[in-house]
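Chain by chain, the residues run as shown.
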Amino acid sequence: MRHSISDTLQLIADRRSIPPEKFSGRRVHKEIVEQVLHFARWAPNHGLTQPWRFRVFMDDAAKRLMVDLSDAYRAHAGASAIEAKVDKIRNRGERCNAIVALGLDHDEEGRFPLWEDQAAMAAAVQNMHLICTAHGIGGYWSTPGFLSNSAARQAIGYADDILSMGLFYIGYPEGEWPRRGHRKPLEYVADWITD
Ligand SMILES: Cc1cc2nc3c(=O)[nH]c(=O)nc-3n(C[C@H](O)[C@H](O)[C@H](O)COP(=O)(O)O)c2cc1C
């Protein structure tokens with residue numbers, strides 16, 4: 001055995017989406033975020049396209065980003081903007097000092113379809129999430145619709161050809177680690193063909 005099976009299985013099952021509202025406010029150090037992103041890059045990706053482009057917002061930049069994104073949400077929602085949601089977005093920058101914007105550099109003229117690069121990004125995010133879990137740090141992948149509007153893209157600083165695949169929030173959870181989640185039983189999702 002090359003790795004502890006029991007540790008690996010535990011790590012996978014222990015991973016939970018923990019929203020920034022449940023973060024304690026304890027700072028995550030840059031070295032940890034660097035490690036998380038370093039190993040994100042080892043995700044599988046067809047043709048070694050390595051489509052992930054991360055923009056990492058730490059500390060005051062994270063606060064500023066969320067202020068700008070709350071404005072972007074308000075502009076996007078117009079008359080139907082909900083003030084509580086504006087506050088919620090802004091407050092995330094107060095609770096979370098490490099926010100990774102997940103940009104996808106997909107070559108439309110290239111050999112591989114968009115979905116394969118998106119799948120590669122999802123695998124990279126899973127790597128990130130598992131490393132966070134191993135540190136006892138929460139992660140949260142958030143994909144609100146307004147992130148694709150131009151004010152939000154500008155706040156993040158994406159070049160025109162980068163597709164937005166959401167934000168990944170990183171932070172220590174307040175109190176106990178959340179309990180195990182739920183999944184459909186294996187019988188429901190797997191058919192075995194044996195002869
Ligand atoms: C591609 C993707 C996008 C997601 N976007 C959101 C989101 O916008 N808001 C949200 O609350 N959760 C989002 N999630 C997290 C899921 O809600 C979460 O994974 C699910 O509830 C299962 O919980 P668990 O991750 O703790 O097992 C997203 C997950 C994935 C894979």
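To be clear, the structure that these remarks concern was listed above.
Just so it is clear, the structure is predicted and the values come from calculations on it, not from any experiment.

Caption draft 1: Summary view of the packing of helix 2 (residues 30-40) against helix 5 (residues 114-134). The geometry of helix 2 relative to helix 5 is characterised by a closest axis approach of 8 Å and an angle of 145° between their N-to-C directions. Considering the relative orientation of helix 2 and helix 5, their crossing is right-handed. Where helix 2 approaches helix 5, its residues Gln35, Val36, Phe39 and Ala40 are matched on the opposing element by Ala124, Asn127, Met128, Ile131 and Cys132. Of the residues in the contact of helix 2 with helix 5, the class split is seven nonpolar, two polar and no charged.

Caption draft 2: Representation of the nonpolar core within the structure. Membership of the largest hydrophobic core comes to 40 residues, with the highest contact counts inside it found for Leu69, Ile99, Leu102, Met128, Phe168 and Ile170. Per-element accounting of this core gives the leading share, seven residues, to helix 5. Not counting the four nearest positions on each side in its chain, Ile170 is found in contact with Val28, Val33, Val36, Cys96, Ala98, Val100, Cys132, Ile137 and Gly139.

Caption draft 3: Region of the structure containing helix 3 (residues 60-77). The end-to-end C-alpha distance of helix 3 is 26 Å, a good match for the 26 Å that 18 residues give at a rise of 1.5 Å each. Listed as buried for helix 3 are Ala62, Leu65, Met66, Leu69, Ser70, Ala72 and Tyr73. For helix 3, the angular spread of buried residues about the axis comes to 165°, placing them on one side. For helix 3, the elements touching its buried residues are strand 1 (52-58), helix 4 (83-95), strand 2 (98-104) and helix 6 (150-156). Looking one or two residues beyond helix 3, the residue adopting positive phi is Gly78, at roughly 60°.

Caption draft 4: Quick look at the sheet that holds strand 2. What the four strands build is an open sheet, ordered 1-2-4-3; its pairing is antiparallel. Of all the strands in the sheet, just strand 1 and strand 3 (138-142) have a single pairing partner and so form its edges. For this sheet, the mean inter-axis angle between neighbouring strands, taken without regard to orientation, is 20°. Pairing geometry for strand 2 and strand 4 (residues 163-171), over six bridges, is antiparallel. The partner of Ile99 across the bridge, within strand 4, is Tyr169. The strands touched by helix 3 within the sheet are strand 1 and strand 2, with strand 1 carrying the most contacts at an inclination of about 105°.

Caption draft 5: Summary view of unusual backbone geometry. Here the phi dihedral of Gln50 falls at roughly 45°; this positive angle occurs in a residue that is not glycine. Locating Gln50 in the fold gives a position in the loop between helix 2 and strand 1. Judged by local crowding, Gln50 falls into the partly exposed class, with 13 C-beta atoms found within 10 Å. Positive phi, normally seen in glycine, also occurs at Asp59, with a value near 55°. Positionally, Asp59 belongs in the loop between strand 1 and helix 3.

Caption draft 6: Representation of the environment of Asp107. Within the secondary structure, Asp107 is located in the loop between strand 2 and helix 5. Sequence separation between Asp107 and Tyr188 is 81 residues; the distance between their C-alpha atoms is 37 Å.

Caption draft 7: View of the pairing of strand 2. Here strand 2 lies mainly inside the structure; six of its seven residues are buried. Pairing geometry for strand 1 and strand 2, over seven bridges, is antiparallel. Looking at strand 2, one finds that Phe57 is bridged to Ile99.

What counts, and at which threshold
- Residues numbered from 1 in each chain as written.
- Predicted model: local features only at pLDDT ≥ 70, side-chain atom pairs only at ≥ 80, totals over all residues.
- Axes fitted to C-alpha atoms, helices over the stretch in contact; angles between N-to-C directions.
- Helix = DSSP H or I, 4+ residues; strand = E, 2+ residues; numbered from the N terminus.
- Left-handed = near helix turned anticlockwise from the far one by under 90°.
- Contact = placed C-beta atoms within 7 Å.
- Nonpolar A, V, L, I, M, F, W, Y, C, P; charged D, E, K, R; others polar.
- Core = buried A, V, L, I, M, F, W, Y, C linked by C-beta atoms within 7 Å.
- Buried ≥ 20, exposed ≤ 12 C-beta atoms within 10 Å, placed from the backbone.
- Expected span 1.5 Å × (residues − 1).
- Arc of directions from axis to C-beta.
- Pairing = 2+ DSSP bridges.

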